[in-house]
Amino acid sequence: MDTYSGYNGKKGNDKTRSTVVALIKDAGTARERNETLRPEGAGFGDGVGLELLPQLRPRADVGERRADLPKVEKSRESGTPRDSKMNDHLGVTKRTPISDTNLDQLPPVNYDLHAFYYSWYGNQQFDGKYIHWNHPLVPHWDPKIASSYPKGRHIPPEDIGANFYPELGAYSSRDPAVLNAHMKQLRAAAIGVMALSWYPPGMSDENGEPTEDLVPVILEAAHKYQLKFTFRAVFTKQPAACLLAVEAVSLWNFLVSPLSTEFPGDSTPRRRETCVPAWGQNSHQHEQSVIFHIEPYEGRENTLYNNLKYIIDKYGSHPAFYRYKTSAGRNLPMFYIYDSYLISPGSWANLLSVSGSRSLRNTQYDALFIALIVEEKHKNEILQAGFDGMYTYFATNGFSHGSSHHNWQALKDFCDSNNLMFIPSVGPGYIDTSIRAWNNHNTRNRVNGKYYETALSTALLVRPEIITITSFNEWHEGTQIEMSVPKKSSQLVYLDYLPHKPDIYLELTRKWAEKFRREKEQWLM
């Protein structure tokens, strides 16, 4: 998500991604730039002292050119020479390139694997101008520090606001060929659900243009990639556990939803249901599904109620609209709420508690609402607010309390104790120095896929119901698993996935999607 603005508040610069960046900059100056895997038990990233973060200053004016920019960092992901043995090391078998693969040759998708997706890109052919690829360089909030770094704006297509370069070039999200290619990549990676960044009609992040009109097109594209499967229900002796196993060309889901209950010391009624299988016939069709990732747009606290109704009324009947089947037989939508902490728990409770003044509970607009956890204290606020779960989003291990891998087990235990869903977010790496030149201390090198696999392995250790991937195509922050290619010009050398092929992170995702499925079966037997 191209957002870093002040953790303290409104959307601001690039949407709020700088949450803990100031603290980390001060605390991590001795840290090597290419820090990759964080040691267990390290204190870094525990989220202490976030209240001391300075507010971001209004963004300084930037020029239309970036003549003073230094060359983009000229290095491979590890400096390792090309070696076909590397694929064996990663456990990836050689396959026909994804672009040449027929869908019926691909394995089934995993609906418990969700990838964050961004439709904010534009180019001259489809949009009349470049959008987001021409991202400005974000100045540091401290003028003294900002003066040491270049200013300006990227000039596509050769110079884009990213450290990697897409195989599809500086594309437009409105290009039907691009959308089709994205769906095929998601499908090839066995990702069953895309979490679509969403702003209301007429609104966007400060570097983009409104894209709500693309939602019907994206839903239709997701609907095209259908799968057939049959169900077999498998139960365990544990009362709170169940497994929906899918045979043949299979797919399965471990489903959890809410039921009315109260927690000790908490007078807020909450819906939580126990896990039960969603029964079906022998020949159902499922397609890639779409979840809405609600961004922190201006006025969200006052308009969210109506905007959620808008989404469900307009898109809720579409077959690609993601729903979670509950034990009561209801198919509930799910929403990820980015920067949920910007609204007070009391205000959220008006929407999310059964007794709230504008409660959505037990209405046709009821849903599963998943909050973002950044600081440790947010877990209690999320519970108090009436959310159904929490997710961590950030791909940088150690960036926040929620994104620090060593905190995941404690967060999962807290969620289990309070009947919430814990959804860890994993990513292949992080680098955003093409737009935040001062932020290299948060870079996480991909280490030829090792960083990604370590995050996935850690996520599986806590036995989550769902895992989210940050991201499919957030290029500004270098978290993309979308296909990337080597590229250089007279002044720029982009990072790439060498010694691997452009689809290496799709292949790794597919490998771990299957491992996730197999391990879930073992957890519940």
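Residues numbered from 1 in each chain as written. Predicted model: local features only at pLDDT ≥ 70, side-chain atom pairs only at ≥ 80, totals over all residues. Heavy atoms only, no water.

1. Things to note about the pairing of strand S2 (residues 191-198)
Move 1: With respect to burial, S2 is a largely interior element, 8 of its 8 residues being buried.
Move 2: Two elements, strand S1 (residues 110-117) and S2, share 5 bridges in a ladder whose sense is parallel. Across the sheet, Phe116 pairs through a bridge with Ala195, a residue of S2.
Move 3: With 6 bridges joining them, S2 and strand S8 (residues 289-294) adopt parallel strand pairing. Opposite Val193, over in S8, you have Ser289 as the bridge partner. (Buried < 20%, exposed > 50% of the residue type's maximum accessible area, 1.4 Å probe, protein only. Helix = DSSP H or I, 4+ residues; strand = E, 2+ residues; numbered from the N terminus. Pairing = 2+ DSSP bridges.)

2. Overview of helix H9 (residues 378-385)
Move 1: Those residues of H9 that sit buried are His378, Lys379, Ile382, Leu383 and Ala385. All buried residues of H9 fall inside an arc of 165° around its axis, so they share one side.
Move 2: In the stretch just after H9, Gly386 is the one whose phi turns positive, near 95°. (Arc of directions from axis to C-beta.)

3. Quick word on the packing of helix H5 (residues 176-188) against helix H6 (residues 215-224)
Move 1: Contact pair H5 / H6: the axes reach a minimum separation of 10 Å and the direction vectors enclose 45°. The angle between H5 and H6 places the two elements in the oblique class. As for the relative orientation of H5 and H6, their crossing is right-handed in sense. Here H5 contributes Leu179, Asn180 and Met183 to the contact with H6, which in turn contributes Val217, Ile218, Ala221, Ala222 and Lys224.
Move 2: The residue inventory of the contact of H5 with H6, partitioned by class, reads 6 nonpolar, 1 polar and 1 charged. (Axes fitted to C-alpha atoms, helices over the stretch in contact; angles between N-to-C directions. Parallel < 35°, antiparallel > 145°, perpendicular 65-115°, else oblique. Left-handed = near helix turned anticlockwise from the far one by under 90°. Contact = heavy atoms within 4.5 Å. Nonpolar A, V, L, I, M, F, W, Y, C, P; charged D, E, K, R; others polar.)

4. Some words on the environment of Ser489
Move 1: If you trace the backbone, Ser489 turns up in the loop between strand S15 (467-469) and helix H12 (504-523).
Move 2: The spatial distance from the C-alpha of Ser489 to the C-alpha of Asp159 is 8.8 Å, given a sequence separation of 330 residues.

5. Notes on the packing of aromatic side chains
Move 1: Taken as a whole and judged by the stated rule, the model has 28 aromatic pairs.
Move 2: An aromatic cluster is built from Phe116, Tyr336, Tyr338, Tyr391, Tyr393, Phe394 and Phe399, whose rings are joined through pairwise contacts.
Move 3: Over the aromatic face of Tyr305 sits the side chain of Arg358, whose NZ or CZ is 4.1 Å from the ring centroid.
Move 4: Looking at Arg446, its charged tip hangs above the ring of Phe164, at a distance of 4.7 Å from the centre. (Phe/Tyr/Trp six-rings, centres within 6.5 Å; stacked < 30°, edge-to-face > 60°. Lys NZ or Arg CZ within 6 Å of the ring centre and 35° of its normal.)

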